[in-house]
Amino acid sequence: MTAMHRMTLAELVGGLSAGDFSSSELTRHFLDRIAAHDAQLNSFITVTEEAAMAAARKADEARAAGNAGPLAGIPLAQKDIFNTKGVRTSCGSRMLDNYIAPYDARVIEGFNDAGAVMLGKTNMDEFAMGSSNETSWYGAVKNPWDTERVPGGSSGGSAAAVAARLAPAATGTDTGGSIRQPAALCGITGLKPTYGRVSRWGMIAFASSLDQAGPMAPSAEDCALLLQAMAGFDERDSTCMNEPVDDYSAGLTQPIDGLKIGLPKEYFTEGLDSAVEARVREALKHYESLGAELVEITLPNSHLSAPAYYVVAPAECSSNLSRFDGVRFGHRCDNPKDLEDMYCRSRGEGFGDEVKRRILVGAYALSAGYYDAYYLKAQQIRRLISNDFAEAFKQVDVIMGPTTPTPAFRLGEKADDPISMYLSDIYTIAVNLAGLPGMSVPVGTVDDLPVGLHIVGNYWSEARLLNIAHRLQMDTDWHKQIPEAFA
Ligand code: GLN
């Protein structure tokens, strides 16, 4: 039998139901891998070993009794942005280092109902602000393909843990690219659903109009299984949409001949590494051989997406993060002189530099006299960007391009240059501004570093995106590759 960590999630589900191994064995195997390898990667903030083994035994009992859920006994890693009852939920911040969540997020409830087992909570950029996982209070995460390089961010812990197979799959959240960019840099598959597809209830807010949770796993087939447990209406999130949930696994193998793929001319320009472009073009050729048609399109306002995002996201974060005041929960400074000293020092000590930078920019953009010039303007640009996509989807079914302009960069390389860091999400950000679904799929390597293909669809087209990604994965095995040190 193939070692359990070399199997995809879909294969593990099959193995459990065939009785090839129990959830207790499977969970033990991954806990042992975390213990053996995570010191090199720092992908977990918290490992919930005892609870995981107890949940695995419960799943084995449920299976024996004939009432196993769809993910019964499958171990998963959860990004530390989701509230998980009785478990520290730090959001990568010193501010919440001592915060034990009193309830489960909707996403966690979904996995519990499906019978999944939580291995622990993954490392992330502080409050999901970053593209390299270097802003975490718990230290940087290393890319398993080259531990001197970043795994991407903010869901860098999830991406690294899955790439090194310390967990079969994980969750991420994506405000401007935080599922797709780390998935690309670590060589796994990640999906950011349509805004409103997955409830944000219990997911710590960064920028509420952009945040969306989604799956990160080796394959598209795996992502389909995970999204099934995550998607659906939830009245506790007023932005969660009451749209029917598709069966995400049903149409995976459907032929894609006749598919019209739009290639935005703005995405294939100087900023793009030529070797990354070559891998993307090879994948596009493969789609042509499957009967798809490539069409050049234009997204004329793409150059405005990063500037608009870096007004909207900080503005919303300055409001969302005002709740961390050292009073009700979270970090509180020692011996405050008075109330103001308590607020100032608690926030000053609790937040890191990147979070402070965003709060300052956001509060400035929202202040009287500047609101019209910045926040309102950014919202208007956001509409232009949505219109560009709407026009494009009149001509094509999906849009493809590179997920990131370069492969994984070195730790520290961009740490002192926020603008160059912000540009690593240059292709992903517009998708969040428009609320569309997008995926990253591994399509090869450059100097042994993974490259991701970005696939963007129209609203609610998750099943179609998964189908398109799966068709490529039926013929290629980039998604099955594991870095040698973790094989
Ligand atoms: N890298 C982007 C940022 O720093 C996106 C982060 C995210 O998607 N959470 O804001």
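Look up: the structure comes first, before these words.
Everything quoted here is computed from the prediction, not taken from an experiment. (Residues numbered from 1 in each chain as written. Predicted model: local features only at pLDDT ≥ 70, side-chain atom pairs only at ≥ 80, totals over all residues. Heavy atoms only, no water.)

J.: Can you help me understand a nonpolar patch on the surface in this one?
T.: Taken together, the side chains of Val327, Leu339 and Tyr343 define a hydrophobic patch exposed on the protein surface, amounting to about 250 Å² of accessible area. Considering the arrangement of structural elements, one finds Leu339 in helix 10 (residues 339-350). (Patch = residues over 30% accessible without salt bridge, like charges linked within 9 Å, V, L, I, M, F, W, Y side chains within 5 Å. Areas by Shrake-Rupley, 256 points an atom, 1.4 Å probe, with all protein chains shown as cover. Salt bridge = Lys/Arg side-chain N within 4 Å of Asp/Glu carboxyl O. Helix = DSSP H or I, 4+ residues; strand = E, 2+ residues; numbered from the N terminus.)

J.: Could you clarify how one ought to interpret the site of the ligand in this entry?
T.: Within the structure, the ligand sits among 15 residues, and Gly176, Ser178, Tyr309, Arg358 and Asp425 are positioned closest to it. Across the complex, the protein chains shield 100% of the 300 Å² of accessible surface that the ligand would expose by itself. (Near = heavy atom within 4 Å.)

J.: Hey, could you run me through the state of the cysteines in this one?
T.: Considering all chains together, one arrives at zero disulfides under this definition. Considering cysteine sulfurs only, Cys223 is the nearest to Cys186, which forms no disulfide, with 14 Å between them. Cys186 sits in the buried class, given a relative accessible area of 0%. Here Cys240 stays unpaired: no disulfide links it, and the sulfur of Cys223, its closest cysteine neighbor, is 19 Å away. (Disulfide = S-S within 2.5 Å. Buried < 20%, exposed > 50% of the residue type's maximum accessible area, 1.4 Å probe, protein only.)

J.: Mind showing me how you'd approach the pattern of salt bridges here?
T.: Side chains bearing opposite charge may pair, as long as their charged atoms lie close to each other. Under the criterion given, the structure shown has 18 salt bridges. As a salt-bridge pair, Glu109 and Arg236 come within 2.9 Å of each other at their nearest N and O atoms. Within this pair, whereas Glu109 is found in helix 4 (residues 106-114), its partner Arg236 is found in the loop between helix 7 (220-230) and strand 7 (260-264), the two being separated by 127 residues in sequence. Residue class for Glu109 comes out partly exposed when judged on its relative accessible area of 25%. Taking relative accessible area as the criterion, Arg236 reaches 36% and is therefore assigned partly exposed. For Asp174, the salt bridge identified is with Arg180, shortest N-O distance 2.8 Å. Assessed through its relative accessible area of 0%, Arg180 is described here as buried. Several salt bridges converge on common partners, so that one network encompasses Arg28, Asp32 and Glu49.

J.: Any chance you could explain helix 4 here in plain terms?
T.: Those residues of helix 4 not exposed but buried are Arg106, Val107, Ile108, Gly110, Phe111 and Ala114. On its buried face, helix 4 sits against strand 2 (75-79), strand 4 (170-174), strand 6 (212-217) and helix 7. One or two positions beyond helix 4, positive phi appears at Gly115, with a value near 95°. (Contact = heavy atoms within 4.5 Å.)

J.: Any chance you could explain the nonpolar core here in plain terms?
T.: Counting 134 residues, the largest nonpolar core has Phe127, Tyr287, Phe389, Met400, Ile455 and Leu466 as its most contacted members. With near-sequence residues (within four places) excluded, Leu466 lies in contact with Leu191, Ala220, Cys223, Ala224, Leu227, Tyr248, Leu252 and Met439. Val150, Leu185, Ala408 and Met421 belong to the second largest nonpolar core, which has five residues in total. (Core = buried A, V, L, I, M, F, W, Y, C linked by side-chain atoms within 4.5 Å.)

J.: Help me understand the environment of Arg180 in this model?
T.: Its place among the elements puts Arg180 in helix 6 (residues 180-186). Sequence separation of Arg180 and Gly214 is 34 residues, and the distance between their C-alpha atoms is 9.7 Å. If we ignore the near neighbours within four places in the chain, the residues touching Arg180 are Asp174, Gly190, Lys192, Thr403, Thr428, Val431, Asn432, Gly438, Met439, Ser440 and His454.

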